[in-house]
Amino acid sequence: MTVRFEIETTPIEGLLVLKRRRITDERGHISRLFCSDELAEIGWRGPVAQVNESASRFAGTVRGMHFQSPPFSEIKLVTCVAGCILDVAIDLRRNSPTFLNHVAVELSADNACSFLIPEGFAHGFQALTDDVRMIYAHSAPYHAEAEGGLSPTDPRLGVAWPLPVRHLSPRDAGHPLLDADYQGLAA
Ligand SMILES: Cc1cn([C@H]2C[C@H](O)[C@@H](COP(=O)(O)OP(=O)(O)O[C@H]3O[C@H](C)C(=O)[C@H](O)[C@H]3O)O2)c(=O)[nH]c1=O
């Protein structure tokens, strides 16, 4: 039973939305971004290997769709601490009944929600406001050689970005479209 988070399931097994319970007083509030005890109950095995933060200056910016291949597959806990984004996770697990399906959730500083994304998923987001700030907890360290990416505008993925896609990095703009026999990631 989690105390610090309300857990919301999604149509994809293992992919969860965590709403942080805030402790408020006249000064403002405090909430827990990560809790190993509580997250162990819902799939986060092992330590936090790395925490990243990123800033996206302009609404419309899309970053993604990124993943690390085995043996560096990672669980991600994605949190928006300023502004608002549409966050998207795509199931790349080779034998999953929801293979290549995705879930999109709005994360914002105001709604206090984070996205818990298991191993075997690609992740990306679109900034819906200017001046978005993100915090990521990763269960595995960054390994550039294991990094992979899918095109965020691949029609086969069918992600409905709310705003015109802007400010893609050259790398993200260059991800190839999926070919018909794409097999996804092994467990
Ligand atoms: C993630 C990472 C990146 N880098 C280097 C690699 C590039 O030279 C540079 C920018 O990386 P990238 O363009 O992948 O950054 P984002 O597009 O913000 O990617 C991030 O946002 C998407 C949505 C994600 O899901 C990724 O997990 C996360 O990496 O930082 C590092 O040195 N260490 C790291 O841990």
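Everything numeric in this text was worked out from a predicted model, so none of it was measured.

Caption draft 1: How the structure looks around the environment of Ser 31. Turning to its location among the elements, Ser 31 is positioned in the loop between strand S4 (28-30) and helix H1 (36-40). With a relative accessible area of 25%, Ser 31 lands in the partly exposed category. Once the C-alpha coordinates of Ser 31 and Arg 4 are considered, the two residues, 27 residues apart in sequence, prove to be 7.7 Å apart. Within the structure, Ser 31 has its side chain in polar contact with the side chain of Arg 20 (distance 3.4 Å).

Caption draft 2: View of the sheet that holds strand S13 (residues 147-149). Spatially, the five strands line up as an open sheet ordered S9-S8-S11-S6-S13, and their pairing is antiparallel. What marks the edges here is a single partner per strand, and that holds for strand S9 (102-108) and S13. With direction set aside, neighbouring strand axes in the sheet form an average angle of 25 degrees. Both strand S6 (residues 62-68) and S13 contribute to a ladder of three bridges, which runs antiparallel. When the bridges of S13 are listed, Gln 68 appears paired with Glu 147.

Caption draft 3: Region of interest: the UniProt feature "active site" (unreviewed entry) in the protein. Per the UniProt annotation, the sites labelled "active site" (unreviewed entry) are His 66 and Tyr 136. What stands out for the annotated residues spanning 71 residues is how close their C-alpha atoms remain, the widest pair being 12.9 Å apart. Turning to its location among the elements, His 66 is positioned in strand S6. With a relative accessible area of 18%, His 66 lands in the buried category. Those residues within four positions of His 66 in sequence are excluded, and the remaining contacts are Lys 76, Phe 121, Ala 122, His 123, Glu 147, Gly 148, Arg 171, Asp 172 and His 175. Counting through the fold element by element, Tyr 136 comes out in strand S12 (residues 132-138). Excluding anything up to four places from it in sequence, Tyr 136 contacts Gln 50, Val 51, Asn 52, Ser 54, Leu 77, Val 78, His 123 and Phe 125.

Rules used throughout
- Residues numbered from 1 in each chain as written.
- Predicted model: local features only at pLDDT ≥ 70, side-chain atom pairs only at ≥ 80, totals over all residues.
- Heavy atoms only, no water.
- Helix = DSSP H or I, 4+ residues; strand = E, 2+ residues; numbered from the N terminus.
- Buried < 20%, exposed > 50% of the residue type's maximum accessible area, 1.4 Å probe, protein only.
- Polar contact = N/O pair within 3.5 Å; in protein donor to acceptor, adjacent residues only side chain to side chain.
- Pairing = 2+ DSSP bridges.
- Axes fitted to C-alpha atoms, helices over the stretch in contact; angles between N-to-C directions.
- UniProt positions renumbered as here; feature names shortened; annotations may be inferred.
- Contact = heavy atoms within 4.5 Å.

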